[in-house]
Amino acid sequence: MLSKNIKKFFKIIKIAKKKKEINCIDYYTCINKKISNYSPEVILVILYLIYSARHGHSCIPKKHFVKKKIKRKNVFIKLLNIVSKNNINWFNTVISSMLCSNGTQKTPLVIDKKYIYLYKYWYSENKIIELLYQKKSKKKKNKIEYKKLIKKYCSNYIDKNQKNAVKKALIHNLFFLLGGPGTGKTNIIAYLILILIKISKKKIKIQLTAPTGKAVNKLTQSIYKILKKKNIQKNEKKMIPKEGITLHKLFKIQKETNKNNAKYIKRKKKIDILIIDESSMISLNIMEIILTCIKKKTKIIFVGDVYQLPSVETGSILKKICNFKKKKKEKKKIFFVLKKNYRFNKNSGINFLINQLKKKKIKDINKIYKKKYKDIIWKNLNTSNDYLNMLKKIKLYYKKYWNYVNKKKNPKKIIHKFNKYRILCIINKGIFGTKKINQYLDNYFIKINNKKKKKEFWYHGKPIIIKKNNIFLKLMNGDIGICLYKKKKKKIYFLLSTGKIKKFNPEILFHYKTAWSTTIHKSQGSEFLSVNIIIPNYFSNKFSKELFYTAISRAQKKVTIYANKKILNKIINNNKERYSGLKKKIEELNIFS
Ligand SMILES: Nc1ncnc2c1ncn2[C@@H]1O[C@H](COP(=O)(O)OP(=O)(O)OP(=O)(O)O)[C@@H](O)[C@H]1O
């Protein structure tokens, strides 16, 4: 390639870094000593694979490079044009070079059928397949009559289908319990734990975990609430999991490197049953760590909803593993999908919308706009008038909360009152984002709170949300705190999942922000009686159907959607699939047959 083109090539990358089109870590990865010796063509492929991994893809279809199928007009199109002008077969040159193999050698790039990978993601996918296969085949030969046990302990509490799920979870060493919100997953896990405890001849270690602290606390408390009403012997009570911990903490995964000392963990972790909730949020890397560090005889149960948001890191593992096409007459023995919803009644619009969003192509979404359902309200968000009306509505609701705060003294009741209602935004920035909504409500409540009009962060009734797990204060990412003044002294009150109230001086809190509105990502694992979803009046490819599904499924009773109809229709048809070879490999290797 001519030196002037090479200069142009690297100049484009540098500008992209400045414009933040390319993450600066990725930029320095590509121009560090080792990689910068590679040809521009190889650098282009590596840089695009790193960029795509940051957007969740563990690989890229080869055609993206050959037929320039790179979707969005971005820096990579410009780089592609430079290298293709120089050599029309540039991609074949790259994949036939020493830097690319079929995975048998440890080369930076790996070609596997129609995809091209960075080695580490190709290795992770294959390791996961291998470990899932080993795990799956470890089916316990049980003489135990599960049917009798299920009849004895679960008869009036869960339905026939749910009992069937309990039975399969007891039989298999690897099990996937799938279902939307309110389908009884937590109940099933509770009764499964009850039976496991009852039939265990020795003390068993049951470990509850999830990708977020909030999710694992919610699961632990719900299960504890269900089981504490059961007649359980004193020695059995000790086996009921009282404290769940996050996957990062359980496997000692370093946040910065996303790595852990697998050999040490494997030796140390004596877990008999591992139950992982909100499994849709497990990334490729974390899945590899889980399967690598867990002993062969440990029973693993993945619980989750494949339609919810995947991990913010690379891979949407649960969906790829569970959505493989089975061969005719075969049963997906270790996968169980719960369909019946106990949270919503049959006329529920929320349930209608949740089921519609599970389909590839959504047909009668217009029922939402024609106000057919009482529990789903759609408000047009087109004009500035619509926007101002929305703000008024939101302010009106929170005014009720505000009056409640100024009447009641009980922090627990105040937090429950606040948690009944939530404004969910897709984004943080801009007039449709959390920052603007929070600022608007802050200004309003500061004004009515202290006549001096002094701009203070803290005021009576102010809600905040914790942004990072705080192990010292035992606060989890997503926990809501309310500022309450008592005799001019302010404290921040938190309602822990144990049901206990904890209060802190604001000075010892950190990593928090105002929480009148939060993002949909932050709301994962939580539920609210009434949810308001604010959709911007423009479309971005980041606004996926999964994001909207996750927002809708946070509501227990009512959803109000503030959206421009056209934009909303684009979002609910934006199936953002993440590229991965897992599904194909599972089908070809038939590992779950
Ligand atoms: N078979 C059943 N009969 C009656 N009520 C049920 C049954 N199964 C579950 N429920 C009720 O439905 C509600 C939701 O159950 P559960 O919390 O187990 O669902 P879930 O799938 O875990 O929900 P989420 O994913 O939103 O946490 C609970 O109030 C539960 O008591």
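It should be emphasised that the depicted structure is a prediction, and the values quoted were computed from it without experimental measurement.

Draft legend 1. Structural context of helix 6 (residues 75-86). Under the 1.5 Å per step criterion, the end-to-end length of helix 6 is 17 Å for twelve residues, consistent within 8% with the ideal 16 Å. Buried within helix 6 we find Val75, Phe76, Ile77, Leu79, Leu80, Ile82, Val83 and Ser84. At its buried positions, helix 6 is contacted by helix 1 (3-18), helix 4 (40-54), helix 5 (63-66) and helix 7 (90-95).

Draft legend 2. Here's a closer look at the packing of helix 1 against helix 2 (residues 24-31). Where helix 1 contacts helix 2, the two axes come as close as 9 Å, and the packing angle between them is 155°. Our classification of the angle between helix 1 and helix 2 gives roughly antiparallel. For the pair helix 1 and helix 2, the crossing hand works out as left-handed. Residue-level contacts link Phe10, Ile13, Lys14 and Lys17 of helix 1 to Cys24, Tyr27, Tyr28 and Ile31 of helix 2. Here the contact of helix 1 with helix 2 is built from residues that sort into six nonpolar, no polar and two charged.

Draft legend 3. Examining the sheet that holds strand 3 (residues 109-112) more closely. Pairing in this open sheet of four strands is mixed, and the strands run 1-4-3-2 from one edge to the other. Of all strands in the sheet, those bounded by a partner on one side alone are strand 1 (60-61) and strand 2 (100-101). Here two bridges tie strand 2 to strand 3, and the two strands are oriented parallel to one another. By the bridge assignment for strand 3, Ser101 is matched with Val110. Contacts from helix 8 (residues 119-136) reach strand 3 and strand 4 (115-118) within the one sheet, and its direction differs from that of strand 4 by about 105°.

Draft legend 4. Highlighting the pairing of strand 3. Taking every second residue as pointing to the same face, both faces of strand 3 are buried, with Leu109 and Ile111 on one and Val110 and Asp112 on the other. The sheet contact formed by strand 3 and strand 4 spans four bridges and is antiparallel. Residue Ile111 lies in a different strand from strand 4, and its bridge partner there is Ile116. Linking strand 3 to strand 4, which pair antiparallel, is a turn of two residues; within it Lys113 sits at a positive phi near 60°.

Reading the values: the criteria
- Residues numbered from 1 in each chain as written.
- Predicted model: local features only at pLDDT ≥ 70, side-chain atom pairs only at ≥ 80, totals over all residues.
- Heavy atoms only, no water.
- Helix = DSSP H or I, 4+ residues; strand = E, 2+ residues; numbered from the N terminus.
- Expected span 1.5 Å × (residues − 1).
- Buried < 20%, exposed > 50% of the residue type's maximum accessible area, 1.4 Å probe, protein only.
- Contact = heavy atoms within 4.5 Å.
- Axes fitted to C-alpha atoms, helices over the stretch in contact; angles between N-to-C directions.
- Parallel < 35°, antiparallel > 145°, perpendicular 65-115°, else oblique.
- Left-handed = near helix turned anticlockwise from the far one by under 90°.
- Nonpolar A, V, L, I, M, F, W, Y, C, P; charged D, E, K, R; others polar.
- Pairing = 2+ DSSP bridges.

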